[in-house]
Amino acid sequence: MSTVYFKDTPCHTNGTLPAVGTSAPPFTLVTPGLAEITETTYAGKRVVLNIFPSLDTDVCAASVRRFNKEAASLSDTVVIAVSEDLPFAAARFCTANGIDNVTPASAFREKDFEHNYGVLLMDGPLKGLLARAVVIIDRDGKIIYRELVEQITHEPDYAAALSVLR
């Protein structure tokens, strides 16, 4: 269990992020086209998991926009924006915001993602949603970066995450 904060309120996750150097845990996520993607869908590519509570918040939307911009210059890298938002809402957001370098994906159908990555908020105002985190998986399926953002209302450390990819 990890502790993060929503403003001044402590919130606890159901576990911890996978450790750097370990194999990426399995997951099943759903794209706006209702296709399932797993940890093996992008085998041989680097994968950035941009994890957050909901696209309906300013900070979450900002992180998707920023990773969309940055992803355009990253070779052999896929950015997946992961939340509990329904795939239809993610599709609307991406269309309205010109998001075309990020794959939006929902964890609503299978619960393996939130459990295997330890990002489910167990209490607090956002209970049932995902904490804000970034996990980067290398071409061999190993975790090479992880950040659990302590204050949910803050954006992740883009510079640190992107430095691992450059």
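Residues numbered from 1 in each chain as written. Predicted model: local features only at pLDDT ≥ 70, side-chain atom pairs only at ≥ 80, totals over all residues. Heavy atoms only, no water.

Draft legend 1. Fine view of the overall build of the chain. Counting its secondary structure elements, the chain contains 4 helices and 9 strands. When the helices and strands of the chain are placed in sequence order, the string is β-β-β-β-β-α-β-α-β-α-β-β-α. Computed over its C-alpha atoms, the radius of gyration of the chain comes to 14 Å, within 12% of the 15 Å expected for a compact globule of 166 residues. Along the first, second and third principal axes, the C-alpha atoms of the chain reach 40 × 35 × 30 Å. For the chain, with 166 residues in total, the buried portion stands at 49%. Carbon and sulfur atoms make up 51% of the accessible area of the chain, which amounts to about 7,400 Å² in all. (Helix = DSSP H or I, 4+ residues; strand = E, 2+ residues; numbered from the N terminus. Rg over C-alpha atoms; globule rule 2.2 N^0.38 Å. Buried < 20%, exposed > 50% of the residue type's maximum accessible area, 1.4 Å probe, protein only. Areas by Shrake-Rupley, 256 points an atom, 1.4 Å probe, with all protein chains shown as cover.)

Draft legend 2. Representation of the nonpolar core. Counting 22 residues, the largest nonpolar core has Val-48, Val-64, Phe-67, Phe-93, Val-102, Val-134 and Ile-136 as the members making the most contacts within it. Apart from residues no more than four positions distant in its own chain, Val-64 is found in contact with Asn-50, Phe-52, Leu-55, Ala-81, Phe-93, Ile-99 and Val-102. Ranked by size, the runner-up nonpolar core spans 21 residues in total, among them Ala-107, Phe-113, Val-119 and Ala-133. (Core = buried A, V, L, I, M, F, W, Y, C linked by side-chain atoms within 4.5 Å. Contact = heavy atoms within 4.5 Å.)

Draft legend 3. Seen up close, the pattern of salt bridges. Taken as a whole and judged by the stated rule, the model has 3 salt bridges. Where Asp-76 meets Arg-139, a salt bridge forms, and the shortest distance between an N and an O atom there is 2.7 Å. In this pair, Asp-76 is assigned in the loop between α1 (58-71) and β6 (77-83) and Arg-139 in the loop between β8 (133-137) and β9 (143-148), connecting sequence segments 63 residues apart. With a relative accessible area of 42%, Arg-139 lands in the partly exposed category. Here Lys-111 ties to Glu-84 by a salt bridge, and the two come within 3.5 Å at their closest N and O atoms. Here Lys-111 is found in the loop between β7 (102-106) and α3 (112-116), whereas its partner Glu-84 is found in the loop between β6 and α2 (87-97), with 27 residues between them in sequence. Residue Lys-111 is classed as partly exposed on the basis of its relative accessible area of 37%. Judged by relative accessible area, Glu-84 falls into the buried class, the value being 13%. (Salt bridge = Lys/Arg side-chain N within 4 Å of Asp/Glu carboxyl O.)

Draft legend 4. Looking closely at the pairing of β6. Across the 7 residues of β6, 7 count as buried, placing the element largely inside the fold. Residues Thr-77, Val-79, Ala-81 and Ser-83 of β6 are buried on one face, and the alternating residues Val-78, Ile-80 and Val-82, pointing to the opposite face, are buried as well. In the sheet, strand β5 (residues 46-51) pairs with β6 via 6 bridges, with the strands oriented parallel. Following the sheet pairing, Arg-46 is matched in β6 by Thr-77. With 5 bridges connecting them, β6 and β7 associate as parallel partners. Considered in β7, the bridge of Val-79 is made with Val-102. Note that the unit made of β6, α2 and β7 has a crossover that is right-handed. (Pairing = 2+ DSSP bridges. Right-handed = clockwise from strand over helix to strand, strands pointing away.)

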